Amino acid sequence: MKGNSSATPHRASPVSTPRAGLAWGLLGVAAFSFTLPLTRVAVGPGQMSALFVGSGRAVVAALLAGAALVVTRQPRPRGRQWWSVLVVAAGAVVGFPLLTSLAHTVTPASHGTVVMALLPAATAAIAVTRTREQPGRAFWVSAGTGAVAAVTFAVVQHGGLDRLHASAGLLLAAVVVCAVAYAEGGVLSRALGSWQTISWALVAASPVMIVLTGIAVAGQPPSGTPAAWLSFGYLGVGSMFLGFVAWYRGLAIGPLAQVSQVQLAQPVLGISWAALLLGERITGATVLGGAVVVACALIAVRSRQPPGAGAPSGVPHAPAARTTSAR
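Bear in mind the structure is a predicted one, so any value in this text is a computation, not a measurement.

A.B. asks: Just checking my understanding: could you explain the overall build of the protein chain for this structure?
C.D. replies: Helix and strand counts for the protein chain stand at 14 helices and zero strands. Along the protein chain, helices (α) and strands (β) appear in the sequence α-α-α-α-α-α-α-α-α-α-α-α-α-α when read from the amino end. Per-residue burial over the protein chain gives 54% buried out of 327 residues. When contacts within the protein chain are restricted to residue pairs at least 6 apart in sequence, those whose partners lie at least 24 apart make up 92%. For the protein chain, the accessible area works out to roughly 13,800 Å², and carbon and sulfur atoms hold 69% of it.

Right under this line is the structure:
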């Protein structure tokens, strides 16, 4: 690739230390952990419609993203980068918000953690097929154990799988589209930049989301309590924009598969926020289950690629990345 043909050589490896990737990933997960409880607040009985919350929050985020791109005069994605942008937009901007909003009109926020606990393993599986990263056996054992522990923890905490209703299908679909968007966005961020990746995805999806928001407003003018509006505001600014900026930066620094496992802490955080915001009770089982889940996450993120493992495909190799100044 010619030096003047793409922005790729100028955005590789934003930070050289893997710990930085984990730190940014944890920051993004902390922001995401409020998403399900606050979605439940926003779409609760007598509050806003699921379509308005799922689409309107993306419009709010797109306004912020578009302004940031214009003010900083960011170059547009080029060639095949647009396909990656559209994948991120379809999964993270359109699919996940709409599916989770619809699911949480019929199920408590905490129940969503049962299915969402599968997201780290799904992201890792898709990441290793999308890239040439080759995590070792310790990674896969800890990731699988963490997924099982997270699901078991949430099932025991919230009364069994039978209480998930048909919403489990919506949440499972949300896991799949979100995992694909996370893996694709993590690779694209190495070439395009972290906040630029989610910003272009938000802008690309904005025409669809604006139309859906208009349909939602026409069908049911939005109204709600101050808490519902504050929740909606956070979903637009925190979950849909700032959280993704931190998350994709972490994935870009990588290793992508290892950083994805910090999501195992999200069910624990989500249930904690549900207890604080929605009045659900935290028991000793919550503390024990949370400790197991976090321990598995720590083992996964501390595992290393085996010697000779390749760099992720579609991004510059390590020697080129080391010669690039950080952005």
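Now that the structure has been shown, we can carry on.
A.B. asks: Would you mind showing me how to read a nonpolar patch on the surface here?
C.D. replies: Residues V87, L118, L172, V176 and V180 make up a contiguous nonpolar surface patch of about 340 Å² in total accessible area. With three residues, helix α8 (residues 167-192) is the largest single contributor of residues to the nonpolar patch. Position of L118 relative to the elements: it lies in the loop between α5 (112-116) and α6 (119-130).

A.B. asks: Got a minute to help me understand empty space enclosed by the protein in this structure?
C.D. replies: To find the voids left in a structure, one rolls a probe of water-molecule size over its atoms. Summed over the entire model, instances satisfying the criterion amount to two cavities of 30 Å³ or more. For the largest cavity, the calculated volume is near 120 Å³. Forming the walls of the largest cavity are 13 residues, and the residues nearest its centre are F32, T35, F96, Y182 and Q266. Elements supplying a minimum of two residues to the lining of the largest cavity: α2 (35-42), α4 (81-103) and α10 (226-253). No other element matches the three residues that α10 contributes to the lining of the largest cavity. A breakdown of the residues in the lining of the largest cavity according to their chemical character gives nine nonpolar, three polar and one charged.

A.B. asks: Help me understand the packing of aromatic side chains in this model?
C.D. replies: Here a ring pair, both rings aromatic, is described through the centre-centre distance and the interplanar angle of the planes. Enumeration over the complete set of coordinates arrives at twelve aromatic pairs. Centroid distance F32 to W247: 6.3 Å. Interplanar angle 70°. Geometry classified as edge-to-face. One end of the pair, F32, is in helix α1 (residues 18-32); the other, W247, is in helix α10, and 215 residues separate them in sequence. The pair F32 / W247 is uniform in exposure class, with both members buried. Pairing W82 with W200 gives two aromatic rings, centres 5.9 Å apart and planes at 75°, and the pair type is edge-to-face. In this pair, W82 sits in helix α4 while W200 sits in helix α9 (residues 194-219), placing the two residues 118 residues apart along the sequence. The exposure class of W82 is partly exposed, given its relative accessible area of 31%. Taken together through their ring pairs, the aromatic side chains of F32, Y182, F244, W247 and Y248 make up a single cluster.

A.B. asks: Looking at this model, I keep getting lost on the packing of α4 against α9. Mind explaining?
C.D. replies: The packing of two helices is summarised by the inter-axis angle and the distance between the axes. One way to put it is that α4 packs onto α9 with a least axis distance of 8 Å and a crossing angle of 55°. On the basis of the axis angle, α4 is oblique to α9. Note on packing geometry: the crossing formed by α4 with α9 is right-handed. Along its contact with α4, which presents W82, V85, L86, V88, A89, V93, V94 and L98, the element α9 presents T197, I198, W200, A201, L202, A204, A205, M209 and L212. A class-by-class count of the residues in the contact of α4 with α9 yields 16 nonpolar, one polar and no charged.

A.B. asks: Where do I start with the side chain of S55 in this structure?
C.D. replies: On the secondary structure map, S55 appears in helix α3 (residues 50-71). Taking the relative accessible area as the measure of exposure, S55 reaches 0% and is therefore buried.

A.B. asks: Quick question: what am I supposed to make of the nonpolar core here?
C.D. replies: In globular proteins that are soluble, nonpolar side chains generally tend to be buried together. Core analysis: the biggest nonpolar cluster contains 44 residues, and V93, Y182, I198, L202, F244, W247 and Y248 have the highest contact counts within it. Sorting the residues of this core by element identifies α1, α3, α4, α6, α8, α9, α10 and α11 (256-260) as the ones contributing at least two each. Here this core gets ten residues from one element, more than from any other, and that element is α8. Among all residues touching I198, those that are not within four sequence positions of it are V93, M240, F244, V245 and Y248. The next biggest cluster of nonpolar side chains, apart from the first, holds eleven residues, and it includes L38, A42, F52 and L235.

A.B. asks: Honestly, the packing of α3 against α4 in this entry has me stumped. Any pointers?
C.D. replies: It is the contact of α3 with α4, at a shortest axis distance of 8 Å, that shows an interaxial angle of 150°. Relative to α4, the element α3 lies roughly antiparallel. As α3 packs across α4, the resulting crossing turns out to be right-handed. On α4, the residues that touch A50, L51, V53, G54, S55, R57 and A58 of α3 are V93, F96, P97, L98, S101 and L102. Looking at the contact of α3 with α4, its residues break down into nine nonpolar, three polar and one charged.

A.B. asks: What is the right way to read α10 from this model?
C.D. replies: The periodicity of an α-helix, 3.6 residues per turn, causes residues three or four positions apart to be oriented the same way. If you check α10, its first and last C-alpha atoms are 38 Å apart, about what 28 residues at 1.5 Å a residue would give, namely 40 Å. At F244, α10 shows its largest bend, some 40°. Counting buried positions along α10 yields 20 of 28 residues, so the element is predominantly enclosed. Positive backbone phi, at 70°, marks G254, one or two positions downstream of α10.

Definitions and limits used
- Residues numbered from 1 in each chain as written.
- Predicted model: local features only at pLDDT ≥ 70, side-chain atom pairs only at ≥ 80, totals over all residues.
- Heavy atoms only, no water.
- Helix = DSSP H or I, 4+ residues; strand = E, 2+ residues; numbered from the N terminus.
- Buried < 20%, exposed > 50% of the residue type's maximum accessible area, 1.4 Å probe, protein only.
- Contact = heavy atoms within 4.5 Å.
- Areas by Shrake-Rupley, 256 points an atom, 1.4 Å probe, with all protein chains shown as cover.
- Patch = residues over 30% accessible without salt bridge, like charges linked within 9 Å, V, L, I, M, F, W, Y side chains within 5 Å.
- Salt bridge = Lys/Arg side-chain N within 4 Å of Asp/Glu carboxyl O.
- 1 Å grid on protein atoms, 1.4 Å probe; cavity = no way out; pocket = protein on both sides within 12 Å on 5 of 7 lines; lining within 4 Å.
- Points joined across faces, edges and corners; volume = space filled by probe spheres on them.
- Nonpolar A, V, L, I, M, F, W, Y, C, P; charged D, E, K, R; others polar.
- Phe/Tyr/Trp six-rings, centres within 6.5 Å; stacked < 30°, edge-to-face > 60°.
- Axes fitted to C-alpha atoms, helices over the stretch in contact; angles between N-to-C directions.
- Parallel < 35°, antiparallel > 145°, perpendicular 65-115°, else oblique.
- Left-handed = near helix turned anticlockwise from the far one by under 90°.
- Core = buried A, V, L, I, M, F, W, Y, C linked by side-chain atoms within 4.5 Å.
- Expected span 1.5 Å × (residues − 1).
- Bend = angle between axes of the 7 residues up to and from the residue.

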